[in-house]
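Residue strings, one per chain:
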Amino acid sequence: MAEAPPDLSLATTPHMYKRLESNDYIRVLILEPSQDPSAPLRCSIKQREICLTAEQYECISYTWGGQILEHSLHCDDGSEVKITAKLHSALSRFRSESHNRCLWADAVCINQADPEEKSRQIPLMPWIYQNASKVLVWLGIGLNGESETMQSLARGVKPNSAEAQELVRSFF
């Protein structure tokens, strides 16, 4: 008889990071889809051999902001990773409506409570970003004046291009 999956809506157990298999491994988070933007964030955290991960994940670049871990990322094992409001808003924005998304975000993919792991993983970050299929940049939720700033940045990168205009539309 198959065991029922854990009820992720009740996850309150802190996530226990498994030691990386070797110095040649990183973690990625597989973010589950939702058509409801306010639905809880659900994921699995997987280890991948670094030489086999090239272009199989997207990196999220964002500002950490405050260090208050006020939101939850619910893992498929019934545990949760506490995350900042900024990472929560980035993951909510980048979550697909229809398919899993393989992402790398330092606050989740590096065990922040393990100084030894951090000392091994942080030097790998240039490689991690360079070998991602995309780097998704999260500047935060648009407030007064950000729309004009983004439009200026887009014009500076590729003036009047369809790609720049789409970037601005997708951000706001």
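Peer 1: Quick rundown of the nonpolar core? Include the residues and the values.
Peer 2: Core analysis: the biggest nonpolar cluster contains 34 residues, and L29, L73, L91 and W104 have the highest contact counts within it. By residue number, the principal contributor to this core is strand β2 (residues 25-31), which donates five residues. In contact with L29, other than residues within four places in its own chain, are C43, S44, I45, L91, R101, C102, L103, A105, V108 and C109.

Peer 1: Tell me about a nonpolar patch on the surface, and name the residues and values.
Peer 2: There is a patch of nonpolar side chains on the surface, built from V135, V137 and L139 and spanning about 260 Å² of accessible area. Assessed through its relative accessible area of 49%, V137 is described here as partly exposed.

Peer 1: Tell me about the side chain of R27, residues and numbers included.
Peer 2: Structurally, R27 is set in strand β2. Of the residues examined, R27 reaches a relative accessible area of 2% and is grouped as buried. At 3.3 Å, the side chain of R27 and the backbone oxygen of C109 are in polar contact. Only 2.5 Å separates the side chain of R27 from the side chain of E117, close enough to count as a polar contact. Excluding anything up to four places from it in sequence, R27 contacts Y17, K18, R19, L20, I45, K46, Q47, W104, C109, I110, N111 and E117.

Peer 1: Before we move on, could you go through the environment of N100 and cite the residues and values that matter?
Peer 2: As for its placement among the helices and strands, N100 is situated in the loop between α1 (85-94) and β7 (101-104). Residues N100 and C43, spaced 57 residues apart in sequence, show a C-alpha to C-alpha distance of 8.7 Å. If we ignore the near neighbours within four places in the chain, the residues touching N100 are I30, L31, E32 and P33.

Reading guide: rules and limits
- All chains use their own residue numbering, which begins from 1 and follows the written sequence.
- Reporting of local features is limited, given that this is a predicted model, to residues whose pLDDT is at least 70; pairs of side-chain atoms are given and counted only at 80 or more, and all residues count toward the totals for whole chains, interfaces and linings.
- Side-chain calculation: all heavy atoms of the structure are included, whereas hydrogens and water are not.
- Working definition of a nonpolar core: buried Ala, Val, Leu, Ile, Met, Phe, Trp, Tyr and Cys residues. They are joined through side-chain atoms within 4.5 Å.
- Categorising residues by exposure relies on relative accessible area from a 1.4 Å probe, with only protein chains included: less than 20% of the type maximum marks a residue as buried, more than 50% marks it as exposed, and the intermediate range marks it as partly exposed.
- Secondary structure follows DSSP: runs of H or I at least 4 residues long count as helices, runs of E at least 2 residues long count as strands, and numbering of each begins at the N terminus.
- Residue contacts are defined here by distance: any two heavy atoms, one from each residue, within 4.5 Å place the two residues in contact.
- By definition, no residue in a patch forms a salt bridge, and every one has over 30% relative accessible area; like charges are joined within 9 Å, nonpolar side chains (Val, Leu, Ile, Met, Phe, Trp, Tyr) within 5 Å.
- Only the protein chains shown count as cover for residues, and the accessible areas themselves come from Shrake-Rupley with a 1.4 Å probe.
- A side-chain nitrogen of Lys or Arg and a carboxyl oxygen of Asp or Glu constitute a salt bridge if their distance falls within 4 Å.
- Nitrogen and oxygen atoms within 3.5 Å of one another constitute a polar contact, given that in protein one can donate a hydrogen and the other can accept it, and given that sequence-neighbouring residues count only through two side-chain atoms.

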